[in-house]
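Now for the letters of each chain:
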Amino acid sequence: MNAPVIIAIAIAAAVVLGAVSFITLARRSDVRGAGALSSETRRRDDVARSARAAAPETASEVDPPVAPRSAAEAEKTGELARYGSAVEPAPEPALVPFRPPDPEALGVSRRQFFNRATVTLTGTSILAFSAASMVAFLWPFGTGGFGSKVPIGKLSDIRSGITGGDGFFYVPQARTWVTEYPADAVAAAETVYDEALLPGMRRGIVALYQKCPHLGCRVPECASSQWFECGCHGSQYNRVGEKKAGPAPRGMDRFPVEISASDEVTVDTGIVIQGPEIGVNTTGQEAEGPHCVSGGEH
Ligand code: FES
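Visitor: I keep staring at the overall build of the protein and nothing clicks. Help me out?
Guide: Per the secondary structure count, the protein includes 8 helices and 11 strands. Restricting to contacts in the protein with at least 6 residues of sequence separation, those with at least 24 account for 60%.

Shown next, in the form of structure tokens:
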């Protein structure tokens, strides 16, 4: 059986079904159309009609009008008709005098419970917070994260990193720039810088805090000028973080550097040493190319 035959059969079946449905609905509407009454209804109508026909026709045969009654009388008559006797009102229940509950037996009220729970929880939270703060304040700094001594690798690797970074080596975990400190500037540095900084400088490196001493932006390096140049307000510093221009109040802050006997380098980020004052220029390094930011002529 191919598709056209199946479709033709389906259409024929649909037509037949539609016709049967239409005829059925039409017949039902003919039998029970709008306004058609059921046989039960018609039978009750007939009974009512017969009763009306047997009812007295004249005014004298009609029962005299019933005198208006009070609501209580009407209610009593209704009760008599329904139950055969008047319904007696239920007796008033005897009132039991109120006796306040014994506080000892009662324990705490809900309000007392919540008040005490609130006070207890608040007090516990304050105590826990104070204890945690105290422990955090007194506990010795751990190692490895910013705010502590951060090992940054072997000195030779750091030198390679500085060379590979075009003069700048960034250590994110210490938030530090490490740059080369020229050997011929150490003598000048010894007259200016904190003693804690000199061991690193004598070994040829300086660790500079990335945070601009002006308003705290992260200071990026500028490969073309070989300076640090802050994009926020244009402060500029030479490669060892001495201020050259801009609104910053001093040179870049820095960290002490420790170098072990095996040349392992550690930056102590727990100690921030303020940058040198304006005018310090131990290396004499001028810009070696175009600046990355402008407007730092303060
Ligand atoms: S934050 Fe660097 S110049 Fe203002």
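Visitor: I would appreciate a short explanation of the sheet that holds strand β11 (residues 264-268) in the present structure.
Guide: The pairing of strands in a sheet comes from backbone hydrogen bonds and takes either a parallel or an antiparallel form. Strand order in the open sheet formed by 3 strands is β1-β11-β10, and the pairing between neighbours is antiparallel. Of all the strands in the sheet, the pair left with one neighbour each is β1 (149-154) and β10 (257-259). Direction aside, neighbouring strands of the sheet carry axes that sit 25° apart on average. Pairing between β10 and β11: 3 bridges, direction antiparallel. Paired with isoleucine 259 across the two strands is valine 265, which belongs to β11. Running over the sheet, helix α6 (residues 155-164) touches β1, β10 and β11 and is turned about 80° from β1.

Visitor: Help me understand the nonpolar core in this model?
Guide: A general trend in soluble globular proteins is that nonpolar side chains are found buried together. Of all hydrophobic cores here, the largest spans 33 residues; its most connected members are Ile152, Val178, Ile205, Val206, Ala207 and Val267. Those elements that place two or more of their residues in this core are β1, β2 (169-171), β3 (176-180), β4 (205-209), β6 (227-229) and β11. Counting residues per element, this core draws most heavily on β4, at 5 residues. Filtering out sequence-adjacent residues up to four positions away, valine 178 remains in contact with Ile158, Ile162, Phe169, Val171, Ile205 and Ala207.

Visitor: What should I look at first to understand the environment of glutamate 288 in this one?
Guide: On the secondary structure map, glutamate 288 appears in the segment after β11. In sequence terms glutamate 288 and tryptophan 227 are 61 residues apart; their C-alpha atoms lie 8.2 Å from each other. Ignoring sequence-local partners within four residues, the contact set of glutamate 288 consists of Ser225 and Gln226.

Visitor: Whenever I open this one, helix α3 (residues 71-83) confuses me. Can you help?
Guide: Between the first and last C-alpha of α3 there are 18 Å, a value that for 13 residues agrees with the 18 Å anticipated at 1.5 Å per step. The element α3 is barely covered by neighbouring structure, given that only 0 of its 13 residues are classed as buried. Looking at the residues trailing α3, positive phi occurs at glycine 84, about 85°.

Visitor: Quick question: what am I supposed to make of the sheet that holds strand β7 (residues 236-237) here?
Guide: A sheet is described by the order of its strands in space; here 4 strands give the open sequence β5-β6-β7-β8, paired in antiparallel fashion. The strands lining the two open edges of the sheet, one partner per strand, are β5 (221-222) and β8 (243-245). Note: β7 against β8, 2 bridges, orientation antiparallel. Note on β8: the bridge partner recorded for glutamine 236 is alanine 245.

Visitor: Can you help me understand the environment of alanine 185 in this one?
Guide: For alanine 185, the location among the structural elements is in the loop between β3 and α7 (186-192). What makes alanine 185 partly exposed here is the crowd of 17 C-beta atoms within 10 Å. Counting along the chain gives 19 residues from alanine 185 to glycine 204, while the straight-line C-alpha distance between them is 9.8 Å. When near neighbours in sequence (up to four residues on either side) are disregarded, alanine 185 contacts Thr282 and Thr283.

Visitor: When you look at the pairing of β4 in this model, what are you seeing that I'm missing?
Guide: Two faces belong to every sheet, and in a regular strand the side chains alternate between them. Counting buried positions over the 5 residues of β4 gives 5, a clear majority of the element. Burial of β4 is two-sided: the residues Ile205, Ala207 and Tyr209 facing one way and the residues Val206 and Leu208 facing the other way are all buried. Both β3 and β4 contribute to a ladder of 5 bridges, which runs antiparallel. Counted as the bridge partner of threonine 179 is valine 206 from β4. As defined by bridge partners, β4 adjoins strand β9 (residues 254-255) across 2 bridges and the pair is classed as antiparallel. Counterpart to leucine 208 in the pairing with β9 is arginine 254.

About the thresholds
- Residues numbered from 1 in each chain as written.
- Predicted model: local features only at pLDDT ≥ 70, side-chain atom pairs only at ≥ 80, totals over all residues.
- Helix = DSSP H or I, 4+ residues; strand = E, 2+ residues; numbered from the N terminus.
- Contact = placed C-beta atoms within 7 Å.
- Pairing = 2+ DSSP bridges.
- Axes fitted to C-alpha atoms, helices over the stretch in contact; angles between N-to-C directions.
- Core = buried A, V, L, I, M, F, W, Y, C linked by C-beta atoms within 7 Å.
- Buried ≥ 20, exposed ≤ 12 C-beta atoms within 10 Å, placed from the backbone.
- Expected span 1.5 Å × (residues − 1).

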